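# Descriptive analysis of the structure
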Amino acid sequence: MRALRRTTIDTPDDLLALVGAELGVSAPRVVTQQQVDQFADVTGDHQWIHVDVERARSGPFGSTVVHGFLTLALVPRLLADILAVRTFSMGVNYGLDRVRFVRPLPPGVEIQGTATLVAAKPIAPVGEGAAGVQAKASVVVEFAETSQPCCVAEIVFRYYG
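Below is a summary of the structure that appears in this document.

Criteria and thresholds
Residues numbered from 1 in each chain as written. Predicted model: local features only at pLDDT ≥ 70, side-chain atom pairs only at ≥ 80, totals over all residues. Heavy atoms only, no water. Salt bridge = Lys/Arg side-chain N within 4 Å of Asp/Glu carboxyl O. Helix = DSSP H or I, 4+ residues; strand = E, 2+ residues; numbered from the N terminus. Buried < 20%, exposed > 50% of the residue type's maximum accessible area, 1.4 Å probe, protein only. Phe/Tyr/Trp six-rings, centres within 6.5 Å; stacked < 30°, edge-to-face > 60°. Lys NZ or Arg CZ within 6 Å of the ring centre and 35° of its normal.

Tallied over the entire structure, the rule returns eight salt bridges. Note that Arg 57 is salt-bridged to Glu 54, the shortest N-O span being 2.5 Å. In this pair, Arg 57 and Glu 54 are both assigned in helix α3 (residues 53-57), three residues apart and thus about one turn of the helix distant. Asp 81 is the partner of Arg 77 in a salt bridge, and the nearest nitrogen-oxygen pair spans 3.1 Å. Separated by four residues within a single helix, Arg 77 and Asp 81 lie in helix α5 (residues 75-82), roughly one turn from each other. Residue Arg 77 is classed as partly exposed on the basis of its relative accessible area, which comes to 41%. Among the charged side chains, a network of salt bridges with common partners joins Arg 29, Arg 77 and Asp 81.

What follows is the structure, encoded as structure tokens:
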């Protein structure tokens, strides 16, 4: 398991100087079977590989697996562990450029995120608000014990001053 490592900056503009830098490593997290079941209820995805613990034991993965989109939904939380901006008026998840679910994630296994800032550019104000920065980070969700990836995503986000 890697030690928590965070990048802290004062303002969104400070992101412009960090392009290409590894931002850090998140705290470890565990997705429980209960969370998987709740995600299935919210999305309507009750595929047996996610929710039928007994059947999944004899399935292709040997246990249930976390929905890929649940793993993806954790990316902003992992990134919040990794990157802290002290002063901003608003942060927005703007989108994703590339996502891959590399390995199945069983519930109950610790994961961590790592992030590298791959792009940053100034953006115009929204309405009467302040200008900001749009950035893109490559976030790898990995098994904490082995550092092997289970999900890789390029997340695009905006911070306004």
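A complete count under the given rule lists three aromatic pairs for this structure. Between Phe 69 and Phe 101, the ring centres sit 5.7 Å apart and the planes meet at 75 degrees, which makes this aromatic pair edge-to-face. With Phe 69 in helix α4 (residues 68-73) and Phe 101 in strand β5 (residues 90-101), this pair connects stretches of sequence that are 32 residues apart. The exposure class assigned to Phe 69 is exposed, which follows from its relative accessible area of 57%. The interplanar angle of 70 degrees and the centroid separation of 4.8 Å between the aromatic rings of Phe 88 and Tyr 159 together place this pair among those described as edge-to-face. Taken together, the positions of Phe 88 in the loop between β4 (83-85) and β5 and Tyr 159 in strand β8 (residues 149-160) put the pair 71 residues apart, joining distant regions of the chain. Among the aromatic residues, those joined into a ring-pair cluster are Phe 88, Phe 157 and Tyr 159. The residue whose ring lies beneath Arg 55 is Trp 48, and the NZ or CZ to ring-centre distance is 4.1 Å. If you follow Arg 158 out to its NZ or CZ, it ends over the ring of Tyr 94, 3.8 Å from the centre.

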